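# Structural overview
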Amino acid sequence: MSEPTTSSEYFARGLKSAQLGQPDAAARDFEEAAWLDPENATIQFNLGTAYLSMGFFEQAVISLDRALDLEPENSDALGNRAVARTALGQDELAEADITKAIELGAPPDGIHAVVEYVKQRRRPQDVR
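Residues numbered from 1 in each chain as written. Predicted model: local features only at pLDDT ≥ 70, side-chain atom pairs only at ≥ 80, totals over all residues. Heavy atoms only, no water.

### Description of the overall build of the chain
In terms of helices and strands, the chain carries seven helices and zero strands. For the chain, the sequential pattern of α-helices and β-strands runs α-α-α-α-α-α-α. Compactness check: the chain gives a C-alpha radius of gyration of 15 Å against a globular reference of 14 Å for 128 residues, within 12% of the reference. With the C-alpha coordinates of the chain rotated into their principal frame, the extents come out at 45 × 30 × 25 Å. Here the chain, with 128 residues, has 42% of them falling under the buried criterion. Considering only contacts in the chain between residues 6 or more positions apart, those separated by 24 or more positions represent 48%. A total of about 7300 Å² of accessible surface is found on the chain, and carbon and sulfur atoms cover 52% of it. The averaged location of the 22 negative side-chain charges in the chain is 6 Å from the averaged location of its 12 positive side-chain charges. (Helix = DSSP H or I, 4+ residues; strand = E, 2+ residues; numbered from the N terminus. Rg over C-alpha atoms; globule rule 2.2 N^0.38 Å. Buried < 20%, exposed > 50% of the residue type's maximum accessible area, 1.4 Å probe, protein only. Contact = heavy atoms within 4.5 Å. Areas by Shrake-Rupley, 256 points an atom, 1.4 Å probe, with all protein chains shown as cover. Lys, Arg positive; Asp, Glu negative; His and termini not counted. Charge placed at Lys NZ, Arg CZ, Asp CG, Glu CD.)

The following block contains the structure:
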């Protein structure tokens, strides 16, 4: 298999890694894809999601911010950013994301369950 050269090839390989439960490999490929196609909301969303799954919450917020700048109605990006912000102790910002995500069709029970789970597991030094 040849090395990827286009953003779509890096993105496809990143998706495969994500599906295999390898978020670090996925993030590397999504980073390459984002470098080649920085205005692609889907790439930015998936990069943010990979960072989120690795516990890199600040990086997740940055990538999800970019995704939302490009596609403001993305309820999944809002939900994921709410989770990352909750992990960082940014509860007010997370609540704003949750409200908007639900307005856009995100399932309230699901998003609230994930956010509560994260709140229960964050350490006191994580809250800023």
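### Observations regarding the confidence of the model for the chain
Any region with low pLDDT has predicted coordinates that should not be read closely. Taken over all residues, the pLDDT of the chain has a mean of 94, while the share at 70 or more is 95%. When pLDDT is averaged over each helix and strand of the chain, the minimum, 94, is found for helix H7 (residues 108–121) and the maximum, 98, for helix H4 (residues 57–70). (pLDDT = per-residue confidence, 0-100.)

### Focus on the nonpolar core
The biggest cluster of nonpolar side chains holds 32 residues, and the ones touching the most others in it are Phe30, Leu47 and Ala60. Of all the elements in the fold, those that place two or more residues in this core are helix H1 (7–19), helix H2 (23–36), helix H3 (41–54), H4, helix H5 (75–87), helix H6 (91–103) and H7. Leave out the neighbours within four places in its chain, and Phe30 touches Phe11, Gly14, Leu15, Ile43, Asn46, Leu47 and Ala50. (Core = buried A, V, L, I, M, F, W, Y, C linked by side-chain atoms within 4.5 Å.)

### Brief notes about the side chain of Arg81
Along the chain, the position of Arg81 falls in helix H5. The buried category is assigned to Arg81, whose relative accessible area is 12%. Only 2.7 Å separates the side chain of Arg81 from the side chain of Asp65, close enough to count as a polar contact. Not counting the four nearest positions on each side in its chain, Arg81 is found in contact with Val61, Leu64, Asp65, Leu68 and Asp97. (Polar contact = N/O pair within 3.5 Å; in protein donor to acceptor, adjacent residues only side chain to side chain.)

### Concerning the layout of surface pockets
Computed from the structure, the largest pocket encloses a volume of approximately 150 Å³. If you trace the largest pocket, you find it lined by Ser75, Asp76, Gly79, Asn80, Val83, Ala106, Pro107, Gly110, Ile111 and Val114. Going through the elements one at a time, H5 and H7 are the ones with two or more residues in the lining of the largest pocket. Per-element tally for the lining of the largest pocket: the top contributor is H5, with five residues. For the lining of the largest pocket, the per-class residue count stands at five nonpolar, four polar and one charged. (1 Å grid on protein atoms, 1.4 Å probe; cavity = no way out; pocket = protein on both sides within 12 Å on 5 of 7 lines; lining within 4 Å. Points joined across faces, edges and corners; volume = space filled by probe spheres on them. Nonpolar A, V, L, I, M, F, W, Y, C, P; charged D, E, K, R; others polar.)

### Focus on the side chain of Gln44
Relative to the assigned elements, Gln44 resides in helix H3. Setting aside chain neighbours within four positions, we find Gln44 in contact with Ala34, Pro38, Ser63, Arg66, Ala67 and Leu70.

### Describing the environment of Asn74
By the element assignment, Asn74 lies in the loop between H4 and H5. Here Asn74 falls in the buried class, since its relative accessible area comes to 12%. Separated by 44 residues in sequence, Asn74 and Val118 have C-alpha atoms that sit 21 Å apart.

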